[in-house]
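Understanding the architecture of this molecule
Residue-level listing of the chains:
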Amino acid sequence: MSTTAFSRNLLDRLLKADEVVAFTGAGVSAESGVPTFRGTDGIWSKFKPEELASMEAFMRNPALVWEWYAHRRAIIGDVRPNAGHEALARMEPLFSRFTVVTQNIDNLHRRAGSRRVHELHGNIERSYCMTCLKQAPGLDLPERGSIPRCACGGVIRPDVVWFGEMLPEEEWEASMAAAGRADVFFSIGTSAVVYPAASLPYAAKRSGAYLVEINPEPTPLTPTSDEYLQGPSGSILPELCELLVSSRGGKR
Ligand code: BJW
Ligand code: ZN
């Protein structure tokens, strides 16, 4: 049973839309059991970001940072995509182009079946050598207290984007382009405070997109959003997807 009141305007915009972007953050994976970063139960309530998610932190204590990523990889390996990820995957074929732009490193959008996914902050399943820059596929996670090394002798690091680091250029360019073309742009489960990713919804709106935010809590983006759907994405997205499928009928 649907509990969210979707506006006629949102439905009309979606029915007319060619291109839709879903920009996601840690909140979409919360209902799978992956901890978010900010907020009372978030990762940053126990650890300081600069102590774990920066090159300085890694250089200071690579074994500790690897231990943290090994712990998170174990959590992510044990969870499944939730109804929110699945609804986004079901929405993809309903539009000419539907792009997921995610800040998450957990791979859950792809595991749910989304195909056009841009990962802005990397992927926890990948690692690379800091010396020769080669990817280290199938890397066994290091024993507690040790650091994985490449055949060239270099130190291997997780392929994620830490504070002070540039975002992967191709993913960023493609995401900016998609934001610029979007008819409807969703910002889902993100506190919208980490830049440059957080600039995408504003860029989309400036280019004429209808901006919709889905989050149980308001964020700095909320006043700029055309519509704020307050609640968990694992409930709102399946309801929206169902409404869309039943309204489209045999349209596409
Ligand atoms: C639900 C829910 C449910 C709960 N359903 N929703 C001052 C001003 C502006 C910028 C800066 C500044 N000082 C420094 C900067 C730059 C910095 C930055 O933005 N800092 C700000 C935090 C101040 N940015 C960078 O450094 C970036 N690089 C860069 O700028 O390069 C240029 C440069 C080069 C050289 C020198 C300086 C600059 C890189 C940022 C990389 C971010 N990396 C991390 C870690 C990734 C790897 C890992 O996971 O380990 O990315 S940090 C962390 O935050 C992670 C996330 O992707 C990112 C965003 O977090 P997200 O997803 O929004 O999660 P939360 O927890 O914040 O929010 C969850 C939301 O879900 C909440 O709103 C909940 O309400 C909601 N929720 N349950 C729906 N069921
Ligand atoms: Zn190497």
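This write-up is about the structure you can find in this document. Nothing here was measured: the structure is a model prediction, and the numbers come from that model.

**Comments concerning the site of ligand 1**
- Residues in close proximity to ligand 1 total 34 residues, the closest being R38, Y69, R72, G164 and S191.
- Taking A26, its main chain carries an N or O atom lying 2.8 Å from an oxygen atom of ligand 1.
- The contact in question runs from a nitrogen atom of ligand 1 to an N or O atom on the backbone of S233, over 3.0 Å.
- When the free accessible area of ligand 1 is taken as 1,500 Å², the share hidden by the protein chains comes to 73%.
- Only α2 (27–30) and α5 (62–78) provide two or more residues apiece to the shell around ligand 1.
- The dominant element in the shell around ligand 1, judged by the number of residues it contributes, is α5, at three residues.
- Looking at the shell around ligand 1 residue by residue, the class counts come to 18 nonpolar, eleven polar and five charged.
- Shared between two domains, the shell around ligand 1 takes at least three residues from each, and those domains are domain 1 (1–34 + 82–121 + 167–252) and domain 2 (42–78 + 125–160).

**With respect to unusual backbone geometry**
- Residues Y195 and P196 are joined by a peptide bond in cis, for which omega reads 5°.
- Looking at the secondary structure, you find P196 in the loop between β6 (184–188) and α9 (200–206).
- The residue N107 is not glycine, and still its phi comes out positive at about 70°.
- For N107, the location among the structural elements is in the loop between β2 (97–102) and α7 (108–112).
- Here L133, not a glycine, exhibits a phi torsion of approximately 65°, which is positive.

**Some thoughts on the nonpolar core**
- Within the largest apolar cluster, 29 residues are counted, with the highest numbers of intra-cluster contacts made by L10, L14, M91, V184 and F186.
- Elements supplying a minimum of two residues to this core: α1 (8–16), β1 (19–24), α6 (83–91), β2, β6, β7 (210–215) and α10 (233–248).
- Considering every element that reaches this core, the biggest residue donor is α10, with five residues.
- Apart from residues lying up to four places away in sequence, F186 is in contact with L14, V20, V21, A22, F23, M91, V212, I214 and L240.
- Grouped together as the second largest cluster of nonpolar side chains are 24 residues, W66, I76, V79 and I156 included.

Quick notes on the rules
Residues numbered from 1 in each chain as written. Chains lettered and ligands numbered in written order. Predicted model: local features only at pLDDT ≥ 70, side-chain atom pairs only at ≥ 80, totals over all residues. Heavy atoms only, no water. Near = heavy atom within 4 Å. Polar contact = N/O pair within 3.5 Å; in protein donor to acceptor, adjacent residues only side chain to side chain. Areas by Shrake-Rupley, 256 points an atom, 1.4 Å probe, with all protein chains shown as cover. Helix = DSSP H or I, 4+ residues; strand = E, 2+ residues; numbered from the N terminus. Nonpolar A, V, L, I, M, F, W, Y, C, P; charged D, E, K, R; others polar. Domains from an automatic or database assignment. Core = buried A, V, L, I, M, F, W, Y, C linked by side-chain atoms within 4.5 Å. Buried < 20%, exposed > 50% of the residue type's maximum accessible area, 1.4 Å probe, protein only. Contact = heavy atoms within 4.5 Å.

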